[in-house]
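Observations on chain architecture
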Amino acid sequence: GRDASETLLTVSGLSKHFGGLKAVDAIDFTVTRGGIHALIGPNGSGKTTTLNVLSGLYTPTGGTMRLQDQDITSFPPHRRAAVGIGRTFQNIRLFRSMSALENVVIGAERPNNPLGARDRPALEARARSALAFVGLEARAREPISGFSYGHQRLIEIARALAGNPTLLLLDEPAAGLNSSEKNALTVLLRRMAAKGLTILIIDHDMTLVSDVASHVTVLNFGRRIADGVTASVLREPAVIEAYLGE
Ligand code: ADP
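So, a few notes on the structure that sits alongside this text. From a predicted model like this one, the values you see are computed outputs, not experimental measurements.

1. Some remarks on the site of the ligand
By nearness alone, every residue bordering the ligand is listed as Phe 18, Leu 21, Ala 23, Gly 41, Asn 43, Gly 44, Ser 45, Gly 46, Lys 47, Thr 48 and Thr 49. Only strand S2 (21-32) and helix H1 (47-54) provide two or more residues apiece to the shell around the ligand. Top contributing element to the shell around the ligand by residue count: H1, with three residues. Tallied by class, residues from the shell around the ligand come to three nonpolar, seven polar and one charged.

2. Some details on helix H4 (residues 120-133)
For H4, which comprises 14 residues, the first-to-last C-alpha distance of 20 Å matches the rise-based estimate of 20 Å (1.5 Å per residue) to within 8%. The inward-facing, buried residues of H4 abut helix H3 (100-108) and helix H5 (149-162). Once H4 ends, the next one or two residues include Gly 135, with phi positive near 85 degrees.

3. Observations regarding the pairing of strand S10 (residues 223-229)
In terms of strand pairing, strand S9 (residues 215-220) meets S10 through six bridges, oriented antiparallel. When the sheet's bridge partners are listed, His 215 is paired in S10 with Val 229.

4. Here's the deal with the sheet that holds strand S6 (residues 85-88)
Taken together, six strands build an open sheet; the order of strands is S6-S7-S8-S3-S9-S10 and the sheet is mixed. At either margin of the open sheet sits one strand with a lone partner, and together these are S6 and S10. If you compare each strand with its neighbour and ignore which way they point, the axes differ by 15 degrees on average. Two elements, strand S3 (residues 36-40) and S9, share four bridges in a ladder whose sense is parallel. Counterpart to Leu 39 in the pairing with S9 is Thr 217. In this fold H5 packs onto S6 and strand S7 (167-171), with an angle of close to 170 degrees to the strand it touches most, S6.

5. Focus on the sheet that holds strand S5 (residues 70-71)
Ordered by their spatial adjacency, four strands build an open sheet running S2-S1-S4-S5, and the pairing between neighbours is antiparallel. Unpaired on one side and paired on the other, S2 and S5 mark the two borders of the sheet.

What counts and what doesn't
- Sequence order as written defines the numbering, with residues in each chain counted from 1.
- It should be noted that, the model being predicted, local features are given only for residues of pLDDT at least 70 and side-chain atom pairs only at 80 or more, the latter also being counted only at that level, while totals for whole chains, interfaces and linings use all residues.
- Placing a C-beta atom from the backbone of each residue, we mark the residue near a molecule or strand if the atom is within 6 Å of it.
- The secondary structure listing takes helices from DSSP runs of H or I that are at least 4 residues long and strands from runs of E that are at least 2 residues long, numbered from the N terminus.
- Gly is placed with the polar residues, together with every amino acid not listed as nonpolar (Ala, Val, Leu, Ile, Met, Phe, Trp, Tyr, Cys and Pro) or charged (Asp, Glu, Lys and Arg).
- A helix is expected to reach a length of 1.5 Å times the quantity of its residues less one.
- Throughout, a pair of residues is in contact if the C-beta atoms placed from their backbones lie within 7 Å.
- The pairing criterion is simple: DSSP has to find at least two bridges between the two strands.
- Geometry is summarised by axes, namely lines fitted to C-alpha atoms with helices restricted to the contacting stretch, and by angles between N-to-C directions that run from 0 to 180 degrees.

Written out as structure tokens, the structure reads:
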């Protein structure tokens, strides 16, 4: 069986500077396989920059990233996808005139997928099962423009799932959702973790973070200020203080 304490991702001394601005400054953390790990912190603390470095969108100024035993620090985005790193973005990035299914097929075509890129029926089957997982398969052929904002967020998650990731990076998936949509997202995230997927999530909603994340890393001004089991980290004075300053 799976060793619950196996480390999937190891981030060591990771930095990303923009000129003199230390957006991410020598942070360390590890993500355990098969769980949900949250990356939190006030606005501008370096969360999205960290995700952008992890997905290969930005080249780090310093430090290393390892996925299991592989050093992925110098991997460009397509190689990170090939080794199993998937992501969603803070702003919805779907093709509005295309159908939900066509958008999710794009995710299925990612290099981590063992299916041949030209095996259209197999790609569509994978995309349909990802849409079914988020509860939207019945509307697969409808254009994105007809879906509610909350459903578009779910379609983005389905697109990432269709790429068959080992580690899924979610940048504020609950942003703009109402409370019932947030509850549905909470259930969905738990189902994803129960399937064995490892998730690194950024979110501002502390209720959501407390409900889904077993572990949390807290950033403030690009530095790691706390790290560990969610319930105890959220009680740390330095963490409370960082959020009070918002
Ligand atoms: P968070 O996601 O925690 O809100 P960000 O990672 O977006 O924080 O930003 C961290 C800091 O880096 C902010 O001061 C932001 O203005 C700056 N920053 C982010 N991206 C860039 C960029 N591409 N160029 C210059 N500065 C950036």
